[in-house]
Amino acid sequence: MYIELHSRSAFSFLEGASLPENLIAACANLDMPAMALLDRDGVYGSPRFHMAAKKARIKAHIGAEVTCEYFSPPRYRGAERITDYKASVSMRLRGEFRLPLLVSSRLGYQNLCRLITKMKLRSAKGEGAVREEELLEHAAGLICLTGDHDGPLTHALAYGGMEEARVCVEQLADIFGRENVYVELQRHFHREQEARNHAAIEMARSLQLPLLATNGISYATARERELCDVFTAIRHHRTLATAGRLLARNSERYLKSPQEMQALFADLPEAIANTVELSSRLAFTFKDLGYEFPKYPVSEGETMMSFLRERTREGFQQRYGRSSSELQERARRQIERELKLIEKLDLAGYFLIVWDLVHFCRRENILVQGRGSAANSAVCYSLGITAVDAVSMELLFERFLSEERGEWPDIDLDLPSGDQRERVIQYLYTRYGERGAAMTANVITYRSRMAAREMGKALGFDPETLDKVSAAVSTWEYRDDNDTFDHRFRDAGLDWKHPRLRKYFELCIAVQDLPRHLGQHSGGMVICQGQLDSIVPLEPASMPGRVVVQWDKEDCADLGIIKVDLLGLGMMAVLEDSLQLIHDHHGEEVDLAHLPPDDPTVYSTLQKADTIGMFQVESRAQMSCLPRLQPKCFYDIVVQVAIIRPGPIVGQMVNPYLQRRMGREPVHHLHPSLEPVLKRTLGVPLFQEQLLRIAMVAANFTGGEAEELRRAMGFKRSQARMKDIEARLRTGMEKNGISRDAQEQIILSITSFALYGFPESHAASFALIAYASAYLKCHYLAAFTAALLNNQPMGFYRPATIVKDAQRHGLKVLPIDVMRSEWQCTLEQSAVSTQQSVSSTALRLGLRYARGLREDAGQAIVQQRALAPFTSIRDLVHRVPELRKDELNTLAEIGALNEISSRNIAGHASTKLHRRDALWQVERAVRYSGPLLDELSEPDVNSPLRPMDPEERLVADFRGTGMTVGPHPMAYHRQRMEAMGIHKASDLSHIPDGQRLRIGGCIICRQRPGTAKGFVFLSIEDETGVANAIVMPDLFQKNRLLLSSAQFLMVEGILQNQDNVISVKAERVMPLSITRAETSSHDFY
Amino acid sequence: MRVEPELRSKSLAVLEGKAPLQKIFAVNENARRAGVSPGMTKLQIEACAGLMLRARSLPQESAAHAALLDCVQSFSPRVEAAGCDTIVLDLAGSRPLFGPLPKIAHAIVRRASALGLETSAAVAGNPDTAVLAARGFSGVTVIPNGKEAEQLGSLPVEVLFGNPAQESARLLETFSRWGIHKLRDLAALPDVALSERLGQAGIHLQKLARGDISRTLVPIEPPLSFEEFIELEYPLVLLEPLAFLLGRLLEQLCARLEARALATQELRLCLELENGWQTENLSINNGATGILARPARARQNFERTLRLPVPLLDSRIFLKLLQLDLKAHPPGAPIVKIKLTAEPVRPRAAQNGLFLPPAPEPEKLELTLARIAGIVGEDKVGSLELLDTHRPGGFRMQRFAPEPFSPQRHRATEKKSHFLIQKNFSVSEPALSAVRGCLGGDDLVTALRIFRPSVDVAVTMQDGKPAHITCPRNKEMQGEILWAAGPWRSSGDWWEQEGWARDEWDIAVQGEIGIALYRLVRDRLGRRWFLEGTYD
């Protein structure tokens, strides 16, 4: 019997070529009962190693190869044994070595994590070494091997010979204890290694230390040596051809069978026997991790549970106090049920900590809303964590928390993106201490493009070939049959039969999904009761003062570590800013939690798909669904948010649902047993929960299995898992006598949800934000638009479209003006209100929209203006020296300097400038004419230049701000358009279906979605609104250049008006010559 | 277009830049009509059917420029190259020779057209006005004196800038902002105010726009070229008379170079052959002899290039080198024309240190190397460079060129080698002691004598170890294997077609004359056993 105790996985980042799962699979194949994983400076791969081992019933030993600084000369040994020579040798050796450490107990694991954390946190990424005194401090519970080619023994032998090696091993024995040091032997058929082995054996005998055979695994099978060589080349920034002796000498570092190892060490049977003995000493596994969630401090006489009950009761009063007694009763029962389960699972602390976080946000006026499965809980609703009333919406609590799953609940918090979210993260750090909270990692794995590039580089392809092949490879679908890639290679002008290209292709496939390096998850945080660095090693994050754990969020979840996701959401920031603007300008307090629930304006706007700028319902696809779905209540918005997703679209669920909703198709269920599950959505599964329930009902999945299904659905590494689950689903459904057709339908629904689908609770949380955004847009258009413009880029449309849409809704938008504009867009009391205007509030564009103007220069303008208004352009240039010439030119060109009035030499009449006057003055003002003449500079007078015509102003507006607040470019050409027979967008709703007509305007959005089989969707804006055109693939092919680049287009075709969804099916397209202004569109290909 | 006139009738776009960031640099009228315009990316126009694409070729552009120069130089000796596509002629005094000025202009356009170049010509009282008019108006334009401002007024301001540069882009942007689109607009601006804003550059442009500027022409100078040429009355067949002629040419070339204090590092010999033959297109840089290109597409011409490691100026050495080279690569047909070109470079400084050891003279060294290469082959001369690889015996040949001696470097090398020796000693100490132990004696096994070529043997295995070897070629090398250490396994270059994998064994064989130690190798891909060498 032999047990491999020294192996690296691909989580040694470019030093190992197999995933932990593959190592375990190889181990299981060879019938080995245990294995140890020692990745470089971390336990990155250990959770996956542990999980795979658990499944295969193999014992997973944990450890790491830790980089150490070379030991200083021993001070404490008898001076007579240390000659000056040896001391000087030791002193000279300031290099580093890798010390393989195995964990024997929980204390050992904690020590290992702390050692690595200390080393990582003081050095740059990928660097750092542990010091001798740190090893001394954290040696308990660790077992040390003398290492392989980069271990301490080799290092000492190479630089100081036998004597130095002896000193080094004795030092290790002093640090870890004699019984915890094993002299490691590896046999990879190298002469030098064998010589080293002889020295090691001699030393082990003389120091009476045990020998230990290992194979220093870097890959599971010998074939993977190739990938390991490629990684070596990448690590050293070389190609395979130039890496030379950095590459491996042979392919022997694979997992060898016990028989092979016994044959190799036939002369040293004790080295093999010791592996089994050592394995039995390694008692620690991840079952024994010792993680505890922080306890929430409560006053004496109170328990966390009683405190939670009290907070829930208070919240209940607020949330349900005004509800019907029936709802109150149901809510009370539900809350009681939830609290009982929370008590049973001892989760009160967790809820309180999230409550505390939300409480902090409320206190600091930071908008916060829980999303994800937490919205299924009435307790979360009462505590104010979520805003969805789970009771009245009859959401499934078990999806959030179930006794059976034995997993921590998942609470994601949506926060305004940017600074506010940072403040919340900072709060967590200050509250739980630097070592009490950390971000979760995001393991960056090789995906097609990066794989194609790096493999090509390692093979020494020149940049041109690299471009060609990576373009060919990046579109490969790796699981597809092989007959497509020769095609693609030929298209790229390459001969895929060339051996090197074949090798390249093999490597690209082999490297898929292997980790490349560690990133940082955008919002996932883990917190811990004790010191987090005793649970998992911490590393510095990119932001100073931040730390990130070595595991990604899936690994954390696997090991039962609770994480809180703090996600930045642009729309939250918009809502928050809107509320502030409403407060400042209108003096009104709008409470998002208490918006009128069934506002008729909101629903009629939604039904008309007049939704530009609204959260989640503004895309073209959403707009084409809204008039058919005709939302009438909040739940309809929930459905609306969930239905336009790749999952339901590919799963062919959208049309059946809409048809049934409009009463054109009878409601029927795939199987009678599924009726209770699908009743709410008319027999069509739309939400993730429903699919899980289908799996449970139709295929007898247990709760745990359903949970596995859920994770496979939202999981990157899920291809194989999904296949496995699909097989189990079929077996289960067969047993339950479900027909083949229904089976196919169910499988299609479930597998397409793997693409992307929403849980109901999540959709409900989003729907709330969507409702709030719609409400604010309908009732506080100016504030909402200003907030939306201040949080760009976000959403589906460009600022130009948002502004035009707001103007069509009656908002007066004022141009940038250095005499009035702030950095952000603001609200002003408009002197002249337009006829349609709902109020006399106007929106003043902020200086941020002047292209190229830096924020500090913009802020300087605002500051100086506050002191005294600018009297002339020269005054502006002198008082705001931050402004560069190009910035001044832009401001002048967009008319932002027109309002600076100046007095002429006589000192009387004031002159109003036009844009070219300002440009003329700017050019003069920025030229320093010397101390003598500077004071004599001319005042702002009219220039010899002629004023801009409307077309020139348009060009300047789009160039300088990306939009215009003046008339839409199409408005200048309406007469000509009419002569050409081009209809306005607003006319289309009055024209009967099927009529041939022409539309024309500015292309604001082009889409060619993957789910639409090559169809192209155009959004065409004119001065009256937005029209949609659909371009068939063959028309697109014929006019590709025009359709993908023209700014203004005329589209001729058949009008389609189905259920008020209006579009033109294009038959002919032509460019329109409207303006030279550079309008832009949002393109998705 | 000049090279491929058939493209005139098609849509053509010229691309510039490196893939994948190629952009359109220029288009013809047909392409413009198809919606293609300069600045678009290659990706954008990929779908445009029928569009011909050509990469921008600077050599072709300069060839076209040279052709244009040739064309106009027959009209006037005073010619100025005002840009890559613009040429100015001084026509003063041409009237009696060629007739009135418009006639000359038409003649130039016609002549250029015959060369495949589309041109516009303008005649004016000053060079700059002529340039602007030629840029702005197509065909032939004649601007009478005093009418400059009036005639130029309708031209766009872009004509002021011949070559796109950062400065011109900046000024053009300013004009565009000001709404100054025509030269007339610019000419009308007040001088002082313009000077305050755009400085002297602005005033200069305004003067140009008004046609109110005068300057002297800067005629071009003929390029510096060192080329000698002989056309033979009868074809040469033997190398000896060729050498005689080459010697004369070389002497002339060297004398010309010397007169300008120059030397050469590259000599190009071009022989025109009576009945040419064709060879494959080989242009391999062969470092060993300095011969850059082998006969390339020698349909009529036979070319050789001699590249020297240092600049030289010695006609005898050159002659000897050329002779050696021609002996190794004879032209293969009678010669009718000889052309010899020297690339001028600055000569090397020849002063060496007084107390430094003498290094071989580069001239002599070059000759010696060329002689050796003539005997053993070009790829077999030079110094060895060990390759950084696990493959045993991997090396490549490098051109032999001793580095110039410097005392500091000499001392540094000495120190380094001393350090290396020390380091090697300590590294190998444990290894050596281990080997010592293995062999059961105190004698050090330090040297391996490699057999070249290796000796093939047949091996009998026992318990996975070689037990007996038979060597049909050499009876002394066969017998029982008393002791074997190994296998020492290595493999590599798996990404190449010639990957390799081998197992080595160190064996002691009981031969007829006693015990001998060998290195036995099994080629695991070729499945062959051989003895690689013997240990001393």
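Quick caveat: nothing in here was measured; it's all calculated off a predicted structure.

## A word on the overall build of chain B
Reasoning step 1: Helix and strand content of chain B: 14 helices and 20 strands.
Reasoning step 2: The buried share of chain B, reckoned over its 536 residues, is 37%.

## Things to note about the packing of helix H12 (residues 315-328) of chain B against helix H13 (residues 362-376) of chain B
How two helices pack is summed up by the angle between their axes together with the distance between the axes.
Residues and elements named next belong to chain B.
Reasoning step 1: The interhelical angle for the contact between H12 and H13, taken along N-to-C directions, is 10°, at an axis separation of 10 Å. If you check the angle between H12 and H13, you find them roughly parallel. Contacts between H12 and H13 involve Ile317, Lys320, Leu321 and Leu324 from the first element and Glu363, Glu366, Leu367, Ala370 and Arg371 from the second.
Reasoning step 2: Class assignment for the residues of the contact of H12 with H13 results in five nonpolar, no polar and four charged.

## A word on the sheet that holds strand S10 (residues 301-312) of chain B
All names here are of chain B.
Reasoning step 1: Reading across the sheet, the four strands line up as S8-S11-S9-S10 and stay open at both edges, with antiparallel pairing between neighbours. The outermost strands of the open sheet, each flanked by one partner alone, are strand S8 (226-236) and S10. Neighbouring strand axes in the sheet, compared pairwise and without regard to direction, differ in orientation by 15° on average.
Reasoning step 2: Note: S8 against strand S11 (residues 335-345), seven bridges, orientation antiparallel. Within the sheet, the bridge partner assigned to Phe229 lies in S11 and is Lys339.
Reasoning step 3: Its contacts with the sheet place helix H11 (residues 239-259) against S8, strand S9 (263-273) and S11, and it is angled at close to 160° to S8.
Reasoning step 4: Sheet strands touched by H12: S9, S10 and S11. Its angle to S10, the strand with the most contacts, is close to 135°.

## Details of helix H22 (residues 570-586) of chain A
Reasoning step 1: For H22(A), built from 17 residues, the straight-helix expectation of 24 Å at 1.5 Å per residue is met to within 8% by its first-to-last C-alpha distance of 23 Å.
Reasoning step 2: Buried within H22(A) we find Met571(A), Met572(A), Ala573(A), Val574(A), Leu575(A), Glu576(A), Ser578(A), Leu579(A), Leu581(A) and Ile582(A).

## Examining the interface of chain B and chain A
Reasoning step 1: Tallying the contact residues gives 47 residues for chain B and 50 residues for chain A.
Reasoning step 2: When the buried area of chain B at its contact with chain A is split by residue, Arg177(B), Arg197(B) and Trp494(B) rank highest and sum to 22% of it.
Reasoning step 3: Applying the counting criterion to the chain B and chain A interface returns seven salt bridges.
Reasoning step 4: In this structure, Glu252(A) and Arg489(B) form a salt bridge, with 3.0 Å as the shortest nitrogen-oxygen distance.
Reasoning step 5: Run the count over chain B and chain A and you get 19 residue pairs in polar contact (both at pLDDT 80 or more).
Reasoning step 6: Within the residue set of the side of chain B that touches chain A, elements represented by two or more residues are helix H2 (42-45), helix H8 (166-178), helix H10 (191-210), helix H14 (407-439), strand S17 (479-492) and strand S18 (500-510) of chain B.

## Examining the side chain of Ser7(A)
Residues and elements named next belong to chain A.
Reasoning step 1: When you line up the elements, Ser7 lands in the segment before helix H1 (20-29).
Reasoning step 2: Using a relative accessible area of 0% as the deciding quantity, one classes Ser7 as buried.
Reasoning step 3: Among the polar contacts made by the side chain of Ser7, one reaches the main-chain carbonyl oxygen of Ala36 at a distance of 2.5 Å.

## Details of the nonpolar core
Reasoning step 1: In terms of nonpolar packing, the biggest core is built from 179 residues, with Tyr109(A), Phe176(A), Ile342(A), Phe351(A), Met455(A), Trp551(A) and Leu566(A) touching the most fellow members.
Reasoning step 2: No other element matches helix H14 (residues 348-363) of chain A, which puts eleven residues into this core.
Reasoning step 3: Setting aside chain neighbours within four positions, we find Met455(A) in contact with Leu227(A), Val230(A), Ile234(A), Tyr446(A), Tyr504(A), Leu507(A), Cys508(A) and Val511(A).
Reasoning step 4: Phe796(A), Ala806(A), Leu919(A) and Ala193(B) belong to the second-largest nonpolar core, a separate cluster that totals 151 residues.

## What to know about the confidence of the model for chain B
Reasoning step 1: When pLDDT is averaged along chain B, the result is 78; 82% of the residues meet or exceed 70.
Reasoning step 2: Across the interfaces of the predicted complex, the ipTM metric reaches 0.71, alongside a pTM of 0.73.

## Focus: the packing of aromatic side chains
Residue and element names in this part refer to chain A.
Reasoning step 1: A full pass over the atoms with the stated rule returns 25 aromatic pairs over all chains.
Reasoning step 2: Centre to centre, the rings of Phe316 and Tyr320 are 5.2 Å apart; their planes meet at 35°, and the pair counts as tilted. Linking Phe316 with Tyr320, this pair stays in helix H12 (residues 304-320), spanning four residues, or about one helical turn. The pair Phe316 / Tyr320 is uniform in exposure class, with both members buried.
Reasoning step 3: Chaining the aromatic ring pairs together yields one cluster made of Tyr109, Phe284, Phe286 and Trp551.
Reasoning step 4: Across from the ring centre of Phe307, 4.3 Å away, lies the NZ or CZ of Arg311, which sits over that ring.
Reasoning step 5: Here the guanidinium or amino end of Arg319 rests over the ring plane of Tyr381, the centre of that ring lying 4.2 Å away.

## Here we look at the pattern of salt bridges
Between side chains of opposite charge, a pair can form as their charged atoms come close.
Residues and elements named next belong to chain A.
Reasoning step 1: Here the structure, examined in full by the defined rule, presents 94 salt bridges over all chains.
Reasoning step 2: Linking Arg187 and Asp267 is a salt bridge whose minimum nitrogen-to-oxygen distance equals 2.8 Å. One end of the pair, Arg187, is in the loop between strand S5 (181-185) and helix H7 (191-207); the other, Asp267, is in the loop between helix H10 (258-264) and helix H11 (269-281), with 80 residues separating them in the sequence.
Reasoning step 3: Taking relative accessible area as the criterion, Arg187 reaches 9% and is therefore assigned buried.

## Details of the sheet that holds S18(B)
The strands that make up a sheet pair up through hydrogen bonds in the backbone, lying either parallel or antiparallel.
Residues and elements named next belong to chain B.
Reasoning step 1: Spatial ordering of the open sheet is given by S14-S20-S19-S18-S17-S16-S15, a layout of seven strands whose pairing is antiparallel. With one partner strand each, in any of the chains shown, strand S14 (448-456) and strand S15 (458-462) form the two edges of the open sheet. Strand-to-strand, the axes of this sheet are offset by a mean angle of 35°, without reference to chain direction.
Reasoning step 2: Pairing of S14 with strand S20 (residues 528-535) involves five bridges; the strand directions are antiparallel. Within S20, the residue paired with Leu448 across the bridge is Tyr535.

What counts, and at which threshold
- Residues numbered from 1 in each chain as written.
- Chains lettered and ligands numbered in written order.
- Predicted model: local features only at pLDDT ≥ 70, side-chain atom pairs only at ≥ 80, totals over all residues.
- Heavy atoms only, no water.
- Helix = DSSP H or I, 4+ residues; strand = E, 2+ residues; numbered from the N terminus.
- Buried < 20%, exposed > 50% of the residue type's maximum accessible area, 1.4 Å probe, protein only.
- Axes fitted to C-alpha atoms, helices over the stretch in contact; angles between N-to-C directions.
- Parallel < 35°, antiparallel > 145°, perpendicular 65-115°, else oblique.
- Contact = heavy atoms within 4.5 Å.
- Nonpolar A, V, L, I, M, F, W, Y, C, P; charged D, E, K, R; others polar.
- Pairing = 2+ DSSP bridges.
- Expected span 1.5 Å × (residues − 1).
- Buried area = accessible area lost by both parts, 1.4 Å probe.
- Salt bridge = Lys/Arg side-chain N within 4 Å of Asp/Glu carboxyl O.
- Polar contact = N/O pair within 3.5 Å; in protein donor to acceptor, adjacent residues only side chain to side chain.
- Core = buried A, V, L, I, M, F, W, Y, C linked by side-chain atoms within 4.5 Å.
- pLDDT = per-residue confidence, 0-100.
- Phe/Tyr/Trp six-rings, centres within 6.5 Å; stacked < 30°, edge-to-face > 60°.
- Lys NZ or Arg CZ within 6 Å of the ring centre and 35° of its normal.

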